[in-house]
Amino acid sequence: MALPIVVLASGTGSNLAAVGRAIEAGRCDAEIRAVLSDRPSAGALSWARERSIPATVVRPADFATRADWDQALALAIGQHAPQLLVLAGFMRLVGEPVLRGCPHRILNVHPALLPLFPGRAGPAEALAAGVRVSGCTVHVVDRGVDSGPILAQAAVPVLPDDDVERLHRRIQRAEHRLLPAVIDAIARGAISLGPEPRIDAIWFAPDGMLASPAIVPD
Ligand code: GRF
């Protein structure tokens, strides 16, 4: 059975769309049960609605306290009984009720090679630091900011005439391949999630992209 997932997204949803394409192409053994957002205008919601995938807004402004919003979000997620929760450009920290609802089973995709450059400005900080290689990280979400166990990373070059947007676009192209691959690895049992995630040494061979864990060629 395909792995039931719920996706949280605040933005355009290009990572969500990449997961959708990978599922359609048979490269990702998952089923998107629902898309939830904190922003009514999120492109991710329209993407879901166009495909008749349940799409729900849980807006902080509609709740008296942050704790109420956390509860409502956890409830909305729980209704779809996901085995994996995927944060694909969700621009808020999830609270205790969400963490407790999906223990060790929440993924985030981050546009930098963690633990470098956590937070909202990964590509800008990489550029400002003058690194020559950056990339993306898929990690398990814990209570901190982009601090949970790293599952996989893919590297891209930082080119001399890059600006933040150009670098972020290149990183996102890597995200679009890495995130579905990691979800598929979880669905197939090549990555086992838990208090200490177990990653099979050999599970993932993105064409031409430097990524880890990776198949070592003969
Ligand atoms: C991605 O770059 C992701 O790494 C970051 O937010 C961005 C979301 O982009 N957390 P999109 O909405 O998937 O296009």
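Structure shown above.
Residues numbered from 1 in each chain as written. Predicted model: local features only at pLDDT ≥ 70, side-chain atom pairs only at ≥ 80, totals over all residues. Heavy atoms only, no water.

### Some remarks on the packing of aromatic side chains
Under the definition given, this model contains one aromatic pair. Each ring, one from W69 and one from F90, has its centre 6.4 Å from the other, and the planes form 15°; the classification is stacked. You can see W69 sitting in helix 3 (residues 66–78) and its partner F90 sitting in the loop between strand 4 (84–87) and helix 4 (96–101), a full 21 residues away along the chain. Take F90: its relative accessible area is 7%, and that puts it in the buried class. Here the guanidinium or amino end of R92 rests over the ring plane of W69, the centre of that ring lying 5.9 Å away. (Phe/Tyr/Trp six-rings, centres within 6.5 Å; stacked < 30°, edge-to-face > 60°. Helix = DSSP H or I, 4+ residues; strand = E, 2+ residues; numbered from the N terminus. Buried < 20%, exposed > 50% of the residue type's maximum accessible area, 1.4 Å probe, protein only. Lys NZ or Arg CZ within 6 Å of the ring centre and 35° of its normal.)

### Side note on the environment of S192
Considering the arrangement of structural elements, one finds S192 in strand 8 (residues 191–192). Sequence separation of S192 and R105 is 87 residues, and the distance between their C-alpha atoms is 9.7 Å. For S192, the side chain forms a polar contact with the side chain of R198, separated by 2.7 Å. (Polar contact = N/O pair within 3.5 Å; in protein donor to acceptor, adjacent residues only side chain to side chain.)

### Describing the layout of surface pockets
Remark: the empty space left among the atoms is shown by a probe the size of a water molecule rolled over them. The computed volume of the largest pocket comes to approximately 720 Å³. Forming the boundary of the largest pocket are 34 residues, of which G89, F90, M91, V109 and P111 lie nearest the centre. Secondary structure elements with two or more residues in the lining of the largest pocket: helix 1 (14–24), strand 5 (106–110), strand 6 (133–140) and helix 6 (164–187). Among the residues forming the lining of the largest pocket, the class breakdown is twelve nonpolar, 16 polar and six charged. (1 Å grid on protein atoms, 1.4 Å probe; cavity = no way out; pocket = protein on both sides within 12 Å on 5 of 7 lines; lining within 4 Å. Points joined across faces, edges and corners; volume = space filled by probe spheres on them. Nonpolar A, V, L, I, M, F, W, Y, C, P; charged D, E, K, R; others polar.)

### Focus on helix 6
With 24 residues, helix 6 extends 34 Å from end C-alpha to end C-alpha; this agrees with the ideal 34 Å at 1.5 Å per step. At E175, helix 6 shows its largest bend, some 25°. One or two residues past the end of helix 6 sits G189, with phi positive at roughly 85°. (Expected span 1.5 Å × (residues − 1). Bend = angle between axes of the 7 residues up to and from the residue.)

### Looking at helix 3
Taking 1.5 Å per residue as the helical rise, helix 3 with its 13 residues ought to reach 18 Å, and the 18 Å between its terminal C-alpha atoms agrees with that figure. Those residues of helix 3 lying buried are W69, D70, A72, L73, A74, A76 and I77.

### Considerations on the site of the ligand
In the neighbourhood of the ligand, the contacting residues comprise G11, T12, G13, S14, N15, G89, V109, H110, P111, H168, Q172 and E175. Between the ligand and N15 there is a distance of 2.9 Å, counted from an oxygen atom to a backbone nitrogen or oxygen. One of the side-chain N or O atoms of H168 is found 2.8 Å from an oxygen atom in the ligand. Against a free-state accessible area of 370 Å², the protein chains account for coverage of 89% of the ligand. According to the grid-proximity analysis, the pocket containing the ligand is the largest pocket. If you list the elements that add at least two residues to the shell around the ligand, you get helix 1, strand 5 and helix 6. Per element, the largest residue contribution to the shell around the ligand is three residues, and it comes from helix 6. Taken together, the residues of the shell around the ligand sort by class into two nonpolar, nine polar and one charged. (Near = heavy atom within 4 Å. Areas by Shrake-Rupley, 256 points an atom, 1.4 Å probe, with all protein chains shown as cover. Sits in = over half its atoms within 2 Å of the grid points.)

### Observations concerning the packing of helix 5 (residues 122–129) against helix 6
One way to put it is that helix 5 packs onto helix 6 with a least axis distance of 9 Å and a crossing angle of 115°. Where helix 5 crosses over helix 6, the handedness of that crossing is right-handed. Contact residues: P123, A124, A126 and L127 in helix 5; V164, L167, H168 and I171 in helix 6. Taken together, the residues of the contact of helix 5 with helix 6 break down into seven nonpolar, one polar and no charged. (Axes fitted to C-alpha atoms, helices over the stretch in contact; angles between N-to-C directions. Left-handed = near helix turned anticlockwise from the far one by under 90°. Contact = heavy atoms within 4.5 Å.)

### Description of the pattern of salt bridges
Two side chains with opposite charge may pair up if their charged atoms get near one another. Tallied over the entire structure, the rule returns twelve salt bridges. Here R100 makes a salt bridge to E96, at a shortest N to O gap of 3.9 Å. Placement of both R100 and E96 in helix 4 is noted, with a separation of four residues, approximately one turn of the helix. Using a relative accessible area of 55% as the deciding quantity, one classes R100 as exposed. (Salt bridge = Lys/Arg side-chain N within 4 Å of Asp/Glu carboxyl O.)

### Notes on the packing of helix 1 against helix 6
Close contact between helix 1 and helix 6 brings their axes to 9 Å; oriented N to C, the two are set at 50°. Judged by the inter-axis angle, helix 1 sits oblique to helix 6. Of the two possible hands of crossing, helix 1 and helix 6 adopt the one that is right-handed. Residue-level contacts link S14, N15, A18, V19, R21 and A22 of helix 1 to Q172, E175, H176, L179, P180 and I183 of helix 6. (Parallel < 35°, antiparallel > 145°, perpendicular 65-115°, else oblique.)

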